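One-letter residues, chain by chain:
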Amino acid sequence: DWRLKDKRYSVTGYWVGTSVRGSAEAIDELQQNAVHSYQRPDAGYLDYDPTRTSLNGHAGMVGFQKIGGSKVRFSFVGNYKTPGFDVNDVGYVRRSDQAMESGWVQIRWDTPTKLYRNVRINFNQWAAWNFAGDTRFTGGNFNAHILLTSNWGAGMGFNIEGNGTDDRATRGGPAIRSKSGGNIWYYVESDGRKAVSGEFMGFIYRDQSRDTSWGFDPGVTYRPTSFLSLSAGVHFERMNEDTQWVENVEELPSTHYVFGRIRQTTVGLTTRVNYTVTPNLTVQVYAQPFVSAGAYSDFKELTRPRVGRFADQFTPYAYGGEPDFNYRSFRMTNVLRWEYKPGSALYVVWQQMRENSVSMGAFRFRRDMQDVFGLPSTNVFLVKFSYWFNM
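None of the values given here were measured: they were computed from a predicted structure.

> What am I meant to see in the layout of surface pockets here?
Over the atoms a probe the size of a water molecule is rolled, and this reveals where empty space is left. Considering only enclosed or pocket space, the largest pocket measures out at about 900 Å³ in volume. Looking at the largest pocket, it is lined by 27 residues, and the ones nearest its centre are E161, D166, S178, K179 and Y205. Mapped by element, the contributors of at least two residues to the lining of the largest pocket are β7 (135–148), β8 (153–161), β9 (165–166), β11 (181–189) and β14 (228–251). With four residues, β14 is the single largest residue contributor to the lining of the largest pocket. The class makeup of the residues in the lining of the largest pocket is nine nonpolar, nine polar and nine charged. Put simply, the second largest pocket is a space of about 240 Å³. Lining the second largest pocket are 18 residues; nearest its centre among them are E199, G219, V220, T221 and A232. Listing elements by their share of the lining of the second largest pocket, those giving two or more residues are β12 (196–207), β13 (212–225), β14 and β15 (254–278).

Right, here's the structure in full:
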């Protein structure tokens, strides 16, 4: 992170190399997971070798930012990860084999007026490719935010994304042409200084096949005192997607890459409690029952990858499986933190998890929520101890 002579500007970057070594079986499994997908039949640029005992790669990033200034700030970044890059033994990476660029420009008004305290307007653009040179996606975003003199805030934005190549859609099979689409999102939040405050967020998405998803997240927070806050929220989402991957059916001499239309409903209920017993002793509780149900229909298989329009890639398929599901889970985390001396802390954590999945597909809120608390539980108890050596 290099701050230039004019401290409003900076240049940032990194480079990292990785080498993973192991048995041929372990490295073969690594090559075929969703991070790398070396086995893709149309990926001639990837060197898939089931006998290799190591996988090597590297990644890098460089960015130029304007991080100060009263009116305009910006950031332009480029990064890449080679197909063999992997840090998942010590960190987290969702996928390799990609190069990306993004740009962000913000215009801000921070001088309060009779109407507002501050206003932000942001412009974003992004694009990504794999190492074959295929464009994975391109897109742009505009969003605006305002904080009123009453300390109420609001914002909205819209995203647009163009067609590209989805080389992970078939879970190890050939890449497909992806769909263009766009979404609108918005939020309103009340004055957070009050004893009772709330927020409401929502979004609507639609793509070129007229598939849609929409949802909303209302929430409320109650602060009876300065040392106690209680929050509750709801997440609701409904999705209608006509090309959701279902299964790769092996029928020699070929593989059928099966997709289907899914209608999915998801509901999550979130509760948080933050209690400051003393300045050095705090208790936090987080709990979320979560249910999601999906029903499939209109099965089809990929027969003409990346040919013609998006829908031209598929033909009807007589799929005999039962992919419908009702997934239910409950997660609760309780954390006690005691800072017994400055910089040194003791954490005591109890986490409980309950989950299962059944093949029904029909969403029934009352039934599914009741069933959550009757599931078998997994309990994890953790203790973390840290001590600050003042050298």
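> So what exactly am I meant to see when it comes to the packing of aromatic side chains here?
Any two aromatic rings considered together are summarised by their centre-to-centre distance and by the angle between their planes. In the structure shown here, the tally under the stated rule is 20 aromatic pairs. Ring centres 5.3 Å apart and planes at 70° place the aromatic pair F259 and F314 in the edge-to-face group. Of this pair, F259 sits in strand β15 while F314 sits in strand β17 (residues 314–316), and the two are 55 residues apart along the sequence. Assessed through its relative accessible area of 1%, F259 is described here as buried. By relative accessible area, F314 is classed as buried at 10%.

> Please explain the pattern of salt bridges as it appears in this structure.
Pairs may arise between side chains of opposite charge once their charged atoms sit close together. Tallied over the entire structure, the rule returns 23 salt bridges. Where D6 meets R8, a salt bridge forms, and the shortest distance between an N and an O atom there is 2.9 Å. Residue D6 is classed as partly exposed on the basis of its relative accessible area, which comes to 33%. Of the residues examined, R8 reaches a relative accessible area of 36% and is grouped as partly exposed. As a salt-bridge pair, R168 and D167 come within 3.4 Å of each other at their nearest N and O atoms. There is no split in this pair, since R168 and D167 are both buried. Look at the salt bridges and you will find they share partners, linking R40, D42, R95, D134, D167, R168 and R306 into a network.

> Just to check I follow, could you spell out the environment of T282 for this structure?
Its location among the elements puts T282 in strand β16 (residues 281–302). Sequence-wise, T282 and P342 are 60 residues apart; in three dimensions their C-alpha atoms are separated by 15 Å. Filtering out sequence-adjacent residues up to four positions away, T282 remains in contact with Y275, T276, V277, V335, L336 and R337.

> What should I look at first to understand unusual backbone geometry in this one?
Note on backbone geometry: most residues besides glycine have negative phi, and most peptide bonds are trans. The linkage connecting L252 with the following residue, P253, adopts the cis geometry, with an omega of 10°. Here P253 shows up in the loop between β14 and β15. A positive phi angle is found at D298, which is not glycine, with a value near 50°. As for its placement among the helices and strands, D298 is situated in strand β16.

> Got a minute to help me understand the pairing of β7 in this structure?
Side-chain positions along a regular strand alternate between the two faces of the sheet. In this sheet, β7 lies alongside strand β6 (residues 116–129) in antiparallel orientation, the contact comprising 13 bridges. Of the residues in β7, the one forming a bridge with A128 is F137. Two successive antiparallel strands, β6 and β7, enclose a turn made up of five residues, where G133 displays a positive phi of approximately 90°. Two strands pair when backbone bridges link them, and β7 and β8 are joined in this way by nine bridges, in the antiparallel orientation. Bridge assignment links N143 to a residue of β8, and that residue is G157. Between β7 and β8, which pair antiparallel in sequence order, lie four residues; one of them, N151, sits at a positive phi of approximately 70°.

> Where do I start with the side chain of S197 in this structure?
Summarising the element assignment, S197 is placed in strand β12. Overall, the relative accessible area of 9% leaves S197 in the buried class. At a separation of 3.4 Å, a polar atom in the side chain of S197 contacts the side chain of R223. When residues no more than four places from it in sequence are discounted, the contact partners of S197 are S190, D191, G192, G219, V220, T221 and R223.

About the cut-offs
- Residues numbered from 1 in each chain as written.
- Predicted model: local features only at pLDDT ≥ 70, side-chain atom pairs only at ≥ 80, totals over all residues.
- Heavy atoms only, no water.
- 1 Å grid on protein atoms, 1.4 Å probe; cavity = no way out; pocket = protein on both sides within 12 Å on 5 of 7 lines; lining within 4 Å.
- Points joined across faces, edges and corners; volume = space filled by probe spheres on them.
- Helix = DSSP H or I, 4+ residues; strand = E, 2+ residues; numbered from the N terminus.
- Nonpolar A, V, L, I, M, F, W, Y, C, P; charged D, E, K, R; others polar.
- Phe/Tyr/Trp six-rings, centres within 6.5 Å; stacked < 30°, edge-to-face > 60°.
- Buried < 20%, exposed > 50% of the residue type's maximum accessible area, 1.4 Å probe, protein only.
- Salt bridge = Lys/Arg side-chain N within 4 Å of Asp/Glu carboxyl O.
- Contact = heavy atoms within 4.5 Å.
- Pairing = 2+ DSSP bridges.
- Polar contact = N/O pair within 3.5 Å; in protein donor to acceptor, adjacent residues only side chain to side chain.

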